[in-house]
Amino acid sequence: ILAQWNRGTRRHVWVSATSDLYSDAIRDLTDLGADIPCMALSKVHSYGAIDDLKSNPEVRKLGKMCDGVLFLTYSMLVAARNKSEEARSDPKVSRFGQVFAWLTKHTERGEGLICFDE
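Residues numbered from 1 in each chain as written. Predicted model: local features only at pLDDT ≥ 70, side-chain atom pairs only at ≥ 80, totals over all residues. Heavy atoms only, no water.

**Q** Explain the overall build of the protein chain here, please?
**A** A count of helices and strands for the protein chain gives five helices and four strands. In sequence order, the secondary structure elements of the protein chain are arranged as α-β-α-β-α-β-α-α-β. The principal-axis extents of the C-alpha atoms in the protein chain amount to approximately 40 × 30 × 25 Å. When the 118 residues of the protein chain are sorted by exposure, 43% land in the buried category. Considering only residue pairs separated by 6 or more positions, the protein chain has 66% of its internal contacts joining residues 24 or more positions apart. On the protein chain, roughly 6,700 Å² of surface is accessible, and the fraction owed to carbon and sulfur atoms is 52%. Side-chain charges of the protein chain comprise 16 positive and 16 negative groups, with the mean position of each set lying 6 Å from the other. (Helix = DSSP H or I, 4+ residues; strand = E, 2+ residues; numbered from the N terminus. Buried < 20%, exposed > 50% of the residue type's maximum accessible area, 1.4 Å probe, protein only. Contact = heavy atoms within 4.5 Å. Areas by Shrake-Rupley, 256 points an atom, 1.4 Å probe, with all protein chains shown as cover. Lys, Arg positive; Asp, Glu negative; His and termini not counted. Charge placed at Lys NZ, Arg CZ, Asp CG, Glu CD.)

This is the structure in structure tokens:
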């Protein structure tokens, strides 16, 4: 993540087993000397495009451009208010949709890393 950040890629996703590991992820990045903003999706209780949720204190951790590391659990990745196939990529009803919309905000391909932990 740090190497990609230093190359200008500003949005990365860190998926882990439990929300408790968020503090470990922060510690790991800090130990590397990385000053990269991080937020836990579990602390964002509403759906919608993350870039549109800047009033949320957790989202504000990412700064004005909403760039940094988005931390979430495997179970959050499949969470949704609507389980239909069409709704899967809709950030208004699915966590996957939120992650996808956030990761691809600046570039259609979404050039950040998706890291699977634990």
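**Q** What is the right way to look at the pairing of strand β3 (residues 68-73) in this model?
**A** On any regular strand, side chains alternate: one points to one face of the sheet, the next to the other face. Among the six residues that make up β3, six are buried, leaving the element largely enclosed by the rest of the structure. Pairing between strand β2 (residues 38-40) and β3: three bridges, direction parallel. Within β3, the position partnered with cysteine 38 by the bridge is valine 69. (Pairing = 2+ DSSP bridges.)

**Q** Help me understand the sheet that holds strand β1 (residues 11-16) in this model?
**A** Spatially, β2-β3-β1-β4 is the arrangement adopted by the four strands of the open sheet, whose pairing is parallel. Whereas interior strands pair on both sides, the edge strands pair on one side only; in this sheet they are β2 and β4 (114-116). Averaged over all neighbouring strand pairs, the angle between strand axes comes to 20 degrees, with direction disregarded. Examined bridge by bridge, β1 and β4 share three bridges and lie parallel to one another. In the strand pairing of β4, valine 13 is matched with isoleucine 114. Contacting β1, β2 and β3, helix α2 (residues 22-31) crosses the sheet at an angle of about 175 degrees to β2. Across the face of the sheet, helix α5 (residues 95-103) comes into contact with β1, β3 and β4 while running at roughly 150 degrees to β1. (Axes fitted to C-alpha atoms, helices over the stretch in contact; angles between N-to-C directions.)

**Q** Looking at this structure, how should I read the packing of aromatic side chains?
**A** Each aromatic ring pair is characterised by the separation of its centres together with the angle its planes make. Scanning all chains against the criterion turns up four aromatic pairs. Geometrically, the ring pair formed by tyrosine 22 and phenylalanine 71 is tilted, given 5.4 Å between the ring centres and 55 degrees between the ring planes. Of this pair, tyrosine 22 sits in helix α2 while phenylalanine 71 sits in strand β3, and the two are 49 residues apart along the sequence. Here tyrosine 22 matches phenylalanine 71 in class, with each residue buried. (Phe/Tyr/Trp six-rings, centres within 6.5 Å; stacked < 30°, edge-to-face > 60°.)

**Q** Where do I start with the nonpolar core in this structure?
**A** Nonpolar side chains in soluble globular proteins tend to end up buried together. Ranked by internal contacts, the top residues of the largest apolar core, which has 16 residues, are Met39, Leu41, Leu70, Leu72 and Trp102. Looking at this core, the elements with two or more residues in it are β1, β3 and α5. Here this core gets three residues from one element, more than from any other, and that element is α5. Each residue touching leucine 70, except ones within four places of it in the same chain, is listed here: His12, Val13, Trp14, Met39, Leu41, Ile50, Val99 and Trp102. (Core = buried A, V, L, I, M, F, W, Y, C linked by side-chain atoms within 4.5 Å.)

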